[in-house]
Amino acid sequence: MGNTEVIAANGLLRQEQRFNLIANNLSNIQTAGFKKDVPVFSKILSQSTDRFGGSENQVSMTLFQQGDLQRTGNELNLAIEGEGFFKVQTPWGVRYTRNGNFALNQAGTLIDGNGFPLMGRRDEISLRGGKNIQVQPNGTVQADGQEVDRISVVTFADLRAMQKEGHTYFRAAEGQEEIEASSSQVVQGALEAANVNGIEEMIRLIDAQRSFEACQRVIRAQDEMNGKAVNELGRV
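Residues numbered from 1 in each chain as written. Predicted model: local features only at pLDDT ≥ 70, side-chain atom pairs only at ≥ 80, totals over all residues. Heavy atoms only, no water.

Enquirer: Help me understand the overall build of the chain in this model?
Expert: Along the backbone of the chain there are 2 helices and 17 strands. Among the 236 residues that make up the chain, the fraction classed as buried is 41%. Put simply, 63% of the contacts in the chain that link residues at least 6 apart link residues at least 24 apart. (Helix = DSSP H or I, 4+ residues; strand = E, 2+ residues; numbered from the N terminus. Buried < 20%, exposed > 50% of the residue type's maximum accessible area, 1.4 Å probe, protein only. Contact = heavy atoms within 4.5 Å.)

Dropping the structure here:
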């Protein structure tokens, strides 16, 4: 394969990866707390591509910019205004999320959509059968006027090291320590929308398709040139 074909083939791979990222962003546009991924191009030099001066391999990066807060009126819907994450206890350890679509299980414990308990500063948050639930901006949870716990909202020094799991969970990289997100506020009766702009994603999708088709044309043209060269040499 010639230099031109290698570059075009790498271009096809990059655009295919862009398609996957954009499709995932669009499919989660209605997912509370979802953070979109964008492509990042990093230079990868390997034995197979070094003779062509290296090629670019596409990887993704999660953007943590805040989505719009949408009022729901549900007292168990919570959103974080500012930086930070809620903590939930899963069978695989603590995971971090911006999705505040919580509910109560039969034991009266606050849980997320997967049934995993929301963590407070003491432990799991149990509302003990309370009817009137209030959550203060600092995360303090009250049931029938009695303080139950304070929601733990934390952040990290390097968000780029956070590893996405599923649509809204993140896992802290090894060595990353939790930092209290003291400047953030918890908003009761609201959810944070995905930070995905549907129009922008559709524009990126069209651009990726055009780039993909352009790379295909380059490969076809190169194949035709190679075929002509072989046929002409065969007649000599």
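Enquirer: For this particular structure, what's the right way to read the pattern of salt bridges?
Expert: Side-chain pairs of opposite charge can arise whenever the charged atoms involved come near each other. This model, assessed by the stated rule, comprises 14 salt bridges. Across the pair R121 and E180 runs a salt bridge whose closest N-O atoms are separated by 2.4 Å. One end of the pair, R121, is in the loop between β8 (110-111) and β9 (133-135); the other, E180, is in strand β15 (residues 179-180), and 59 residues separate them in sequence. As a salt-bridge pair, E165 and R171 come within 2.7 Å of each other at their nearest N and O atoms. With relative accessibility at 25%, the residue E165 sits in the partly exposed group. (Salt bridge = Lys/Arg side-chain N within 4 Å of Asp/Glu carboxyl O.)

Enquirer: What exactly am I supposed to notice about the nonpolar core here?
Expert: One broad rule of soluble globular proteins: the nonpolar side chains tend to lie buried together. Counting 21 residues, the largest nonpolar core has L78, L118, I125, L127 and I151 as its most contacted members. Elements with a minimum of two residues in this core: β4 (78-81), β5 (85-90), β9 and β10 (140-143). Leave out the neighbours within four places in its chain, and I151 touches L78, F86, L118, M119, G120, I125, V135, G139 and V141. Among the nonpolar cores identified, the runner-up in size contains 7 residues, and F85, V154, F170 and A172 belong to it. (Core = buried A, V, L, I, M, F, W, Y, C linked by side-chain atoms within 4.5 Å.)

Enquirer: What should I look at first to understand the sheet that holds β10 in this one?
Expert: The strands making up a sheet are joined through hydrogen bonds of the backbone, oriented either antiparallel or parallel. The strand order β9-β10-β11 describes an open sheet built from 3 strands, whose pairing is antiparallel. Among the strands making up the open sheet, the edge pair consists of β9 and β11 (146-150). Across this sheet, the average inter-strand angle for adjacent strands is 25°, counted without regard to direction. Of the strand pairs in this sheet, β10 and β11 are connected by 4 bridges, and their pairing is antiparallel. (Pairing = 2+ DSSP bridges. Axes fitted to C-alpha atoms, helices over the stretch in contact; angles between N-to-C directions.)

Enquirer: When you look at the environment of G113 in this model, what are you seeing that I'm missing?
Expert: Tracing the backbone shows G113 in the loop between β8 and β9. Overall, the relative accessible area of 75% leaves G113 in the exposed class. Along the backbone, G113 and N101 are 12 residues apart, and their C-alpha atoms lie at a distance of 6.7 Å.

Enquirer: Sorry, what's going on with unusual backbone geometry here?
Expert: Apart from glycine, the bulk of residues carry a negative phi angle, and the bulk of peptide bonds sit in the trans form. The phi angle at D144 is positive, at roughly 55°, despite the residue not being glycine. Take D144: it is sitting in the loop between β10 and β11.

Enquirer: Which parts of the structure should I look at to understand the pairing of β10?
Expert: Consecutive side chains of a regular strand alternate in pointing toward one face of the sheet and then the other. Pairing of β9 with β10, which is carried by 3 bridges, proceeds in the antiparallel orientation. Across the sheet, residue Q134 finds its bridge partner in β10, namely Q142. If you look at the hairpin formed by β9 and β10, you'll find 4 residues sitting between the two strands, and G139 has a positive phi there, around 95°. Where β10 folds back onto β11 in an antiparallel hairpin, the turn is made up of 2 residues, including D144, whose phi is positive at roughly 55°.

Enquirer: Would you mind showing me how to read the environment of L110 here?
Expert: Within the element layout of this structure, L110 appears in strand β8. Exposure remark for L110: the relative accessible area of 3% places this residue in the buried category. Sequence separation between L110 and S126 is 16 residues; the distance between their C-alpha atoms is 6.3 Å.

Enquirer: Quick question: what am I supposed to make of the confidence of the model for the chain here?
Expert: The predicted coordinates of low-pLDDT regions are not to be read in fine detail. On average, residues of the chain score 84 in pLDDT, and 77% of them are at 70 or above. Taken as a whole, residues 43-56 scores under 50 in pLDDT and shows 21 contacts with residues more than four places along the chain or in a different chain. (pLDDT = per-residue confidence, 0-100.)

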